Amino acid sequence: MRVTKSAAVAAALSLTAFTAQAATLEDVQARGELNCVVTTGVAGFAAPDENGRWEGFDVDFCRAVAAAVLGDGEKVKFIPTTGKTRFTVLNSGEGDILFRNTTETMSRDADLKLSFLPVNYYDGQGFMIRKELGVTSAKDLDGASVCIQTGTTTELNLADFFRINNISYEPVAIETNEEGITNYSGNRCDVYTTDASGLASTRAALDDPSAHIILPEIISKEPLGGAVRHGDDQWFDIGKWVVNALINAEELGITQANVEELASAAGDNPSINRMLGTESDMGAMVGLDAQWAVRAIKAVGNYGESFDRHIGPNTQIGLERGLNALWKDGGILYAAPIR
Amino acid sequence: MNEAIASQPQRNIVSRLWNDKETRSVIIQIIAFAAIFAFFFFMVRNAISNLESIGKDISLDFLSQPSSYDISQSLIEYSSRSTHFRAMIVGILNTLLVAVFGVILATLVGFLLGVLRLSKNWLTNKLAYVYIEYVRNVPVLLHILLLHGIIVHALPLPKNAINLGDTAFLTNRGFFIPSPSFEPLFWVVAGLFVAGIFFSIWFSRYAHKVQDATGRHYPVFWINLGAIIGIPVLAYFILGSPIIWEIPELKGFNYRGGMVVRPEFVALWIALSLYTAAFIGEIVRAGISAISWGQSEAAAALGLSRGRILNLVVIPQALRIIIPPLTSQYLNLTKNSSLAIAIGYMDIVATIGGVTLNQTGREMESMTIVLLLYLTFSLLISSFMNWYNKRIKLVER
Ligand SMILES: N[C@@H](CCC(=O)N[C@@H](CS)C(=O)NCC(=O)O)C(=O)O
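All values reported here derive from a predicted model rather than from experimental measurement.

*Asks:* What exactly am I supposed to notice about the overall build of chain A here?
*Replies:* When you go through chain A residue by residue, the secondary structure sums to 13 helices and twelve strands. Relative to the globule expectation of 20 Å for 339 residues, the C-alpha radius of gyration of chain A, 20 Å, shows essentially globular dimensions. Across its three principal axes, chain A shows a C-alpha extent of roughly 60 × 50 × 40 Å. Here chain A holds 339 residues, and the buried ones make up 59% of them. For chain A, the accessible surface area stands at approximately 12,600 Å², while carbon and sulfur atoms represent 51% of it. Each charge class in chain A was averaged separately, 28 positive and 46 negative side chains, and the resulting centres sit 2 Å apart.

*Asks:* When you look at the site of the ligand in this model, what are you seeing that I'm missing?
*Replies:* All names here are of chain A. Taken together, 21 residues are adjacent to the ligand, and Thr40, Arg86, Thr103, Asn177 and Asp195 come closest. At a separation of 2.8 Å, an oxygen atom of the ligand approaches a polar side-chain atom of Arg86. Residue Arg108 places a side-chain N or O atom 2.9 Å away from an oxygen atom belonging to the ligand. Secondary-structure elements contributing two or more residues to the shell around the ligand are strand 10 (191-195) and strand 12 (222-229). Of the residues contributing to the shell around the ligand, the split by class is two nonpolar, 14 polar and five charged.

*Asks:* How should I be thinking about the side chain of A:Asp96 in this particular structure?
*Replies:* By the secondary structure assignment, A:Asp96 is in the loop between helix 4 (86-91) and strand 5 (97-98). Excluding residues within four positions of it along the chain, A:Asp96 makes contact with A:Thr24, A:Val28, A:Arg31, A:Glu33, A:Leu34, A:Asn35, A:Leu90, A:Val228 and A:Trp235.

*Asks:* What should I look at first to understand helix 6 (residues 154-164) of chain A in this one?
*Replies:* In an α-helix, one full turn covers 3.6 residues, which means residues spaced three or four apart are oriented alike. Considered for burial, the residues of helix 6 of chain A that qualify are A:Thr154, A:Glu155, A:Asn157, A:Leu158, A:Ala159, A:Phe161 and A:Phe162. Among the structural elements, strand 7 (125-130), strand 8 (144-149), strand 9 (169-174), strand 10 and strand 12 of chain A together with helix 12 (351-360) of chain B are those in contact with the buried residues of helix 6 of chain A. Phi for A:Asn166, located one or two positions after helix 6 of chain A, is positive at around 55°.

*Asks:* Can you help me understand a nonpolar patch on the surface in this one?
*Replies:* Residues and elements named next belong to chain B. A contiguous nonpolar surface patch, about 1,100 Å² in accessible area, is contributed by Phe193, Val194, Ile197, Phe198, Ile201, Phe221, Trp222, Leu225, Ile229, Val233 and Phe237. At the level of secondary structure, the elements contributing two or more residues to the nonpolar patch comprise helix 7 (186-214) and helix 8 (220-238). Ranked by residue count, the leading element in the nonpolar patch is helix 8, at six residues. Note that Phe221 resides in helix 8.

*Asks:* Is there a simple way to explain the sheet that holds strand 8 (residues 259-261) of chain B in this structure?
*Replies:* Sheets are built from strands paired through backbone hydrogen bonds, the pairs being either parallel or antiparallel. Residues and elements named next belong to chain B. Strand order in the open sheet made by the four strands is 1-2-3-8, with antiparallel pairing throughout. Edge positions in the sheet fall to strand 1 (162-164) and strand 8, since each of these pairs with one other strand and no more. Averaged over all adjacent pairs, the angle separating strand axes in this sheet is 20°, with direction ignored. The pairing of strand 1 with strand 2 (residues 168-171) spans three bridges and is classified as antiparallel.

*Asks:* So what exactly am I meant to see when it comes to the domain arrangement of chain B here?
*Replies:* When the parts of a complex come together, some accessible area is lost, and that lost area is often used as the size of the interface. Domains assigned within chain B are domain 1 (2-53), domain 2 (84-178 + 261-392) and domain 3 (180-246). Distance between the C-alpha centres of domain 1 of chain B and domain 3 of chain B: 62 Å.

*Asks:* Any chance you could explain unusual backbone geometry here in plain terms?
*Replies:* If a residue is not glycine, its phi is most likely negative; likewise, a peptide bond is most likely trans. For A:Asn101, which is not glycine, the phi dihedral falls at a positive 35°. The residue A:Asn101 is located in the loop between strand 5 and helix 5 (106-110) in this model. Residue A:Asn101 is classed as buried on the basis of its relative accessible area of 12%. Backbone geometry at B:Ser241 places phi at a positive 45°, although glycine is not the residue there. On the accessibility criterion, B:Ser241 (31% relative accessible area) is partly exposed.

*Asks:* Would you explain the side chain of B:Glu264 in this entry?
*Replies:* With respect to the secondary-structure elements, B:Glu264 resides in helix 9 (residues 263-289). Ignoring anything within four residues of it in the chain, the contact list for B:Glu264 reads A:Val172, A:Arg188, B:His148, B:Ile343, B:Gly344 and B:Tyr345.

*Asks:* Looking at this structure, how should I read the interface of chain A and chain B?
*Replies:* Taken together, the 53 residues of chain A in the interface contact 50 residues of chain B. For the pair chain A and chain B, the summed buried area comes to about 4,200 Å², and 56% of that belongs to carbon and sulfur atoms. Counting every contact that joins chain A to chain B gives six salt bridges. Between B:Arg262 and A:Glu170 there is a salt bridge, with its nearest N and O atoms 3.3 Å apart. Applying the counting criterion to the chain A and chain B interface returns 13 residue pairs in polar contact (both at pLDDT 80 or more). At the level of elements, helix 1 (2-15), helix 4, strand 8, helix 6, strand 9 and helix 7 (177-185) of chain A are the ones that each hand at least two residues to the side of chain A that touches chain B. Sort the elements by how many residues they give to the side of chain A that touches chain B and helix 1 of chain A lands first, with seven residues. Classifying every residue of the side of chain A that touches chain B by side-chain character gives 21 nonpolar, 19 polar and 13 charged.

*Asks:* Please explain the state of the cysteines as it appears in this structure.
*Replies:* Defined simply, a disulfide is a covalent bond joining two cysteines at their sulfur atoms. All names here are of chain A. According to the stated counting rule, one finds two disulfides over all chains in the structure shown. A sulfur-sulfur distance of 2.0 Å marks the disulfide that ties Cys36 to Cys62. Across the S-S bond of Cys36 and Cys62 the torsion is about -60°, and the bridge reads as left-handed. One end of the pair, Cys36, is in strand 1 (residues 34-39); the other, Cys62, is in helix 3 (residues 57-70), with 26 residues separating them in the sequence. Neither residue differs from the other here; Cys36 and Cys62 are each classed as buried.

*Asks:* I'm lost on the packing of aromatic side chains in this one. Help?
*Replies:* Within a pair of aromatic rings, the relevant descriptors are the distance that separates the centres and the angle that separates the planes. Residue and element names in this part refer to chain A. What the rule picks out here adds up to 40 aromatic pairs over all chains. With a centroid separation of 5.3 Å and 80° between ring planes, the pair formed by Phe57 and Phe61 is classed as edge-to-face. Here Phe61 and Phe57 lie together in helix 3, a separation of four residues that amounts to about one turn. Both residues of the pair, Phe57 and Phe61, count as buried. Here Phe161 and Phe162 contribute two aromatic rings whose centre-to-centre distance is 5.6 Å and whose plane-to-plane angle is 85°, an arrangement assigned as edge-to-face. Taken as a pair, Phe161 and Phe162 share a single burial class, namely buried. Three or more aromatic residues joined by ring pairs make a cluster, and in this case those are Phe45, Phe57, Phe61, Phe99, Tyr121, Tyr303 and Phe307.

*Asks:* Can you walk me through the packing of helix 10 (residues 293-301) of chain B against helix 11 (residues 306-336) of chain B in this structure?
*Replies:* To describe two helices that pack against each other, one gives the angle between their axes and the distance between the axes. All names here are of chain B. For the pair helix 10 and helix 11, interaxial distance at closest approach is 10 Å and the crossing angle is 155°. Relative to helix 11, the element helix 10 is oriented roughly antiparallel. For the pair helix 10 and helix 11, the sense of crossing is right-handed. Of the residues in helix 11, those touching helix 10 at Gln295, Ser296, Ala299 and Ala300 are Ile309, Val313, Val314 and Gln317. Here the contact of helix 10 with helix 11 is composed, by residue class, of five nonpolar, three polar and no charged.

*Asks:* I keep staring at the environment of A:Leu288 and nothing clicks. Help me out?
*Replies:* Residue and element names in this part refer to chain A. Along the chain, Leu288 falls in the loop between helix 11 (270-276) and helix 12 (292-300). We classify Leu288 as buried; its relative accessible area is 9%. In sequence terms Leu288 and Pro48 are 240 residues apart; their C-alpha atoms lie 30 Å from each other. Setting aside residues up to four positions removed in sequence, Leu288 forms contacts with Leu25, Gln29, Ala68, Val69, Ile238 and Gly283.

Thresholds, definitions, all that
All residue numbers refer to position in the chain's written sequence, counted from 1. Here the convention is simple: chains get letters from A, ligands get numbers from 1, in the order in which they are written. Since the coordinates come from a predicted model, pLDDT governs what is reported: local features require at least 70, and pairs of side-chain atoms require 80 or more to be given and counted, while whole-chain, interface and lining totals use all residues. To get the side-chain values, all heavy atoms of the structure are used, and hydrogens and water are removed first. Secondary structure elements follow DSSP: runs of H or I of four or more residues count as helices, runs of E of two or more count as strands, with numbering from the N terminus. Throughout, the radius of gyration refers to the C-alpha atoms, and the reference size of a globule is 2.2 Å times the residue count to the power 0.38. A 1.4 Å probe rolled over the protein chains alone gives each residue an accessible area, and that area as a share of the maximum for its type sets the label: buried under 20%, exposed over 50%, partly exposed in between. Accessibility throughout is a Shrake-Rupley quantity obtained with a 1.4 Å probe, and a residue counts as covered only by protein chains that appear here. Asp and Glu are treated as the negative residues and Lys and Arg as the positive ones, with His and the ends of the chain left uncounted. Charge coordinates come from a single atom per side chain, which is NZ of Lys, CZ of Arg, CG of Asp or CD of Glu. We define proximity as follows: a residue is near a molecule or strand when any one of its heavy atoms falls within 4 Å of that partner. Here a polar contact is taken to be a pair of N or O atoms separated by no more than 3.5 Å, where protein atoms must pair a possible hydrogen donor with a possible acceptor and residues adjacent in sequence count only if both atoms sit in side chains. By the convention adopted, Pro, Cys, Tyr, Trp, Phe, Met, Ile, Leu, Val and Ala count as nonpolar, Lys, Arg, Asp and Glu as charged, and the other residues, Gly among them, as polar. The contact rule is simple, with two residues in contact once any of their heavy atoms fall within 4.5 Å. Within this analysis, patches are made of residues with over 30% relative accessible area and no salt bridge. Like charges are joined at 9 Å or less; nonpolar side chains (Val, Leu, Ile, Met, Phe, Trp, Tyr) at 5 Å or less. Salt-bridge detection follows one rule: a side-chain nitrogen of Lys or Arg within 4 Å of a carboxyl oxygen of Asp or Glu. Pairing between strands is defined by DSSP: at least two bridges between them are needed. To define axes, lines are fitted to C-alpha atoms, for helices over the stretch in contact only, and angles between the resulting N-to-C directions are given on a 0 to 180 degree scale. Domain delimitation follows an automatic or database domain assignment. Two parts placed together each lose some accessible area under a 1.4 Å probe, and adding up what both lose gives the buried area. Whenever a pair of cysteine sulfur atoms sits within 2.5 Å, that pair is classed as a disulfide. Any two of the Phe, Tyr and Trp rings considered here, Trp counted by its six-membered ring, make a pair once their centres fall within 6.5 Å; the pair's planes then place it as stacked at under 30 degrees, edge-to-face at over 60, or tilted in between. Reported orientations rely on four angle classes, namely roughly parallel under 35 degrees, roughly antiparallel over 145, roughly perpendicular from 65 to 115, and oblique for the rest. A clockwise turn of the near helix away from the far one marks a right-handed crossing, whereas an anticlockwise turn of less than a right angle marks a left-handed crossing.

If you want it as structure tokens, here you go:
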């Protein structure tokens, strides 16, 4: 099944005479819809709700881009992908932009030819295990069966971690998070490993989340961010500055509730004025109008609002801001200024 | 006629060429070849230029880089430090393993089903019928997932393993069995076994000749069985059982030592076999029914026993009908094994067409390799079966 997908994309690569290159913005505007590459379902990050509407932290970034570019955050077609198919879908032109718990690495940038947008979630790979097994450290996992999602960075980290610590394991490769949950809860594996954020989301989906713990070791750096294809600088800039706008909005106190009011007339804060287009037209630099950031924030709120709504401490997922707090609040979230 | 040609020289060359059956077919073939070639040329050039426009070239260098991932079932030495090429070999061997075991089991079960379908006993006949209809009408992927789910959920965890005489252990992580390590004397046994095979080949021919010449009939099967199995087994015990068995032991999370048959392999193997067997059953039934009843009656009139009627009269003729469709079932089984990734069995698609593809971003190269590999397997199976089909062809005298 996934073979057919890869093969189809390879065939598409051969057949499409004109790749969607340089003019992604025009293509998207002409189509009137943004094709956004997301997961097959990770609660809190990107998953359809009971009405079939896609919801989540990554989904919000898709909507923010759509709002900036098309004027409507609802004009998004979500393309669910596995770890394996996501980049091919993007590179073949089927997707315009990707927000899928995706780690920025050198090979993905230089070899897969992806341009990464600013990090929207600083993460690291962890392990989840049943409490009853009494394991407290990942170093005690010698001989364990480990469920791992194939086509991700996590396979390499896992191989490295066990090799460095000179312990053995049995990898059980699975394709989607859903199959991961099935195999883990069916006890085919002792441990489930992936990004700590993904683990929190997976744990929340288990029958009795409190029966499982996430081990303290974080074995890798996983800076997760959106991505676009190489070769279209304008489109890259749009993605990059929409992400920066949402983070800067939190820093400047712009929220979904007050953004329209703040944008109605120039105020005392020139940073806010520039971003919301009341003092200068920053949007024109990337081929958009002056209201681009207003629409993005109106659609999904600022970074913190989106975080709290989907994955924050008051949600089922229950992730703390931690590293993902603003730099002035003790985190490392530090977006380049819009000026 | 000649005058007519002379009067219309223009039209005639073309129409003459076209009206000539042989030239016409040559022309059509040339045009078809040119079209196909142009199409592939267009595809390949397009692919290359599209990849180029995002800055990617086509290269196989990635195969010699370290794979950096582990594989749970490997028939050869492999670690995350091995190359992508080696990972691919591991995948190929895993595909071949499940294909070979699958073909064997599917054939056995298939022939059994075929015979049951012909049974005069109403119940066995209908049971076989229901089985075949059910299995054939549910997609094979569902069989695989279902079987895997059953194994994982129904079998106990390692700490509660089903203990088979303290030597083998059945768990939902796999079937752990002792693994042999061979002492030097073992090779004597192995040698006798090989010698037994050569002996029986020679003996079968000899017995055939004697029978042709004198009509004397040797119990070939039993003598060969003795040579291949009996003598080596005897020697094994006389030499003091020169194999040391390493028995799996529960350590921590799982059993260690010994060998393990993983649930992923078992689920894929059994599901593919039982699925394909349903099709083979119908093929066998059709093949046997096609041999007219009169032939069996005639053989019976000659005084042959029921077993020998089947062996000498019905099956050799039925096989000629069975083999060609059987070949395509073998091909199907091999190709269906690419569904392995659904349950995490590391075959070709999961290794070179999966993790390697993803980590290196070489989708064009990897998918091409995968396609070529399946094509090779299919051609090998077909040519073997064609060879076999020729061999058993009816000798007309
Ligand atoms: N950050 C890693 C792993 C990302 C990943 O695939 N995480 C899983 C586990 S939460 C996921 O998102 N699965 C979604 C799906 O199955 O569709 C990467 O970029 O390779």
